[in-house]
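# A closer look at the structure
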Amino acid sequence: MASENVEAANQETYFSHQERMFPELDGTDKRLIPTEQFLKACQGIAEFVGFLGLAFVPVKKDIVGNVHKVRTKFDTDRQRMEMLQDLVDIDLAENGGKIGAATEGLLWLKRGLEFMLELLKALVRDYKNARMKGEDLSKTENLSGILSDAYERTLKRHHNFVSKQIFKVVLHAAPYRRTLLLAIAYGHGGLEEISWNSRLGSNRNNPTVQSSIRSQPRKSREPKATNFL
């Protein structure tokens, strides 16, 4: 049994790629988020959303588009914008204190991270609670409920009527938990415990994620809800 667990742990999964993880921050200043690492992790979030199925392709594209907006600005002067807050300050200064394309993209990434944080917290919580209580795990298989709750808590207030209706349709196409876990494991069965214990819940309280969520860019206008995430 032990050898089987070791073999399973060595199987490649989505979480085998360290660049997809939000890094732990050194020191006490949580505003010092490395731009490059942050963008790579956000790209990883887009890939994770892709595991939710074809209905979530527009959501994935929005995340990728927002990463591109921020990276385009970052690539103009990587040294000056090594930290995310520097990029925000420079983008605002160059746009007369108004939100530019990069800052708007970052704002929507922040909102998307809020959504994903709520989703991951609920995924881990419901699964572990069911295991601890010895309940039937099939009761937590349907992800529509936790996706809807995460949306209500985060993105809904930023969306216009049309976006809300589209997202409502998307939520009804949510996969079952076992389908999501199998996709995360690249088709390797029997890796559910590894996914839950090693990585899936590890970024829920990561200071990089929490800091990026709390440090919303200063803004002079509220971007229109043209994004899903």
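Residues numbered from 1 in each chain as written. Predicted model: local features only at pLDDT ≥ 70, side-chain atom pairs only at ≥ 80, totals over all residues. Heavy atoms only, no water.

With that out of the way, let us pick up the packing of aromatic side chains. Taken as a whole and assessed by the stated rule, the structure comprises five aromatic pairs. Taken together, a centroid distance of 5.9 Å and an interplanar angle of 90 degrees make the contact between Phe115 and Phe167 edge-to-face. Taken together, the positions of Phe115 in helix H5 (residues 101-132) and Phe167 in helix H7 (residues 161-171) put the pair 52 residues apart, joining distant regions of the chain. The buried category is assigned to Phe167, whose relative accessible area is 0%. Taking 4.3 Å as the distance between ring centres and 10 degrees as the angle between the ring planes, the aromatic pair formed by Tyr151 and Phe167 counts as stacked. With Tyr151 in helix H6 (residues 144-153) and Phe167 in helix H7, this residue pair connects regions lying 16 residues apart in the sequence. Comparing Tyr151 with Phe167 shows no difference in burial state: the two are buried. In textbook terms, an aromatic cluster arises when at least three aromatic residues are bridged by ring pairs, as seen for Tyr14, Phe48 and Phe51. Positioned over the ring face of Trp108 is Arg111, at 4.6 Å from the centre of the ring. (Phe/Tyr/Trp six-rings, centres within 6.5 Å; stacked < 30°, edge-to-face > 60°. Helix = DSSP H or I, 4+ residues; strand = E, 2+ residues; numbered from the N terminus. Buried < 20%, exposed > 50% of the residue type's maximum accessible area, 1.4 Å probe, protein only. Lys NZ or Arg CZ within 6 Å of the ring centre and 35° of its normal.)

Take the nonpolar core next. Core analysis: the biggest nonpolar cluster contains 52 residues, and Phe38 and Phe48 have the highest contact counts within it. Contributions of two or more residues to this core are made by helix H2 (35-50), helix H3 (57-74), helix H4 (84-94), H5, H6, H7 and helix H8 (177-184). (Core = buried A, V, L, I, M, F, W, Y, C linked by side-chain atoms within 4.5 Å.)

Looking now at H3. An α-helical turn contains 3.6 residues, so a residue and the one three or four places further along point in the same direction. Here H3 contains 18 residues, and its C-alpha end-to-end distance of 25 Å stays within 8% of the 26 Å for a straight helix at 1.5 Å per residue. Those residues of H3 not exposed but buried are Val59, Asp62, Ile63, Asn66, Val67, Val70, Lys73 and Phe74. Seen from one end, H3 has its buried residues packed into an arc of 130 degrees, which puts them on one side. Opposite its buried face, H3 presents the exposed residues Lys61 and His68, each directed more than 90 degrees away. Where the residues of H3 are buried, they touch H2, H4, H5 and H7. (Expected span 1.5 Å × (residues − 1). Arc of directions from axis to C-beta. Contact = heavy atoms within 4.5 Å.)

Assignment of secondary structure puts Thr154 in the loop between H6 and H7. Overall, the relative accessible area of 4% leaves Thr154 in the buried class. Excluding residues within four positions of it along the chain, Thr154 makes contact with Glu114, Phe115 and Glu118.

Our focus in this paragraph is H8. Looking only at H8, the buried set comprises Arg177, Leu180, Leu181 and Ile184. Taken end-on, H8 shows its buried residues confined to a sector of 95 degrees, consistent with a single buried face. Tyr186 occupies a position one or two residues after H8 and carries a positive phi of about 55 degrees.

All right, on to unusual backbone geometry then. Phi is mostly negative for residues that are not glycine, and the peptide bonds are mostly trans. The backbone of Tyr186 sits at a positive phi, close to 55 degrees, despite the residue not being glycine. Along the chain, Tyr186 falls in the loop between H8 and helix H9 (192-200).

Moving on to a nonpolar patch on the surface. Together, Phe161, Val162 and Ile166 give the surface a local cluster of nonpolar side chains, amounting to about 310 Å² of exposed area. With respect to the secondary-structure elements, Ile166 resides in helix H7. (Patch = residues over 30% accessible without salt bridge, like charges linked within 9 Å, V, L, I, M, F, W, Y side chains within 5 Å. Areas by Shrake-Rupley, 256 points an atom, 1.4 Å probe, with all protein chains shown as cover. Salt bridge = Lys/Arg side-chain N within 4 Å of Asp/Glu carboxyl O.)

This part takes up the confidence of the model for the protein chain. Here the protein chain averages 80 in pLDDT, while 75% of its residues score no lower than 70. Scored below 50 in pLDDT, residues 1-6 makes zero contacts in the model with residues more than four places away or belonging to other chains. (pLDDT = per-residue confidence, 0-100.)

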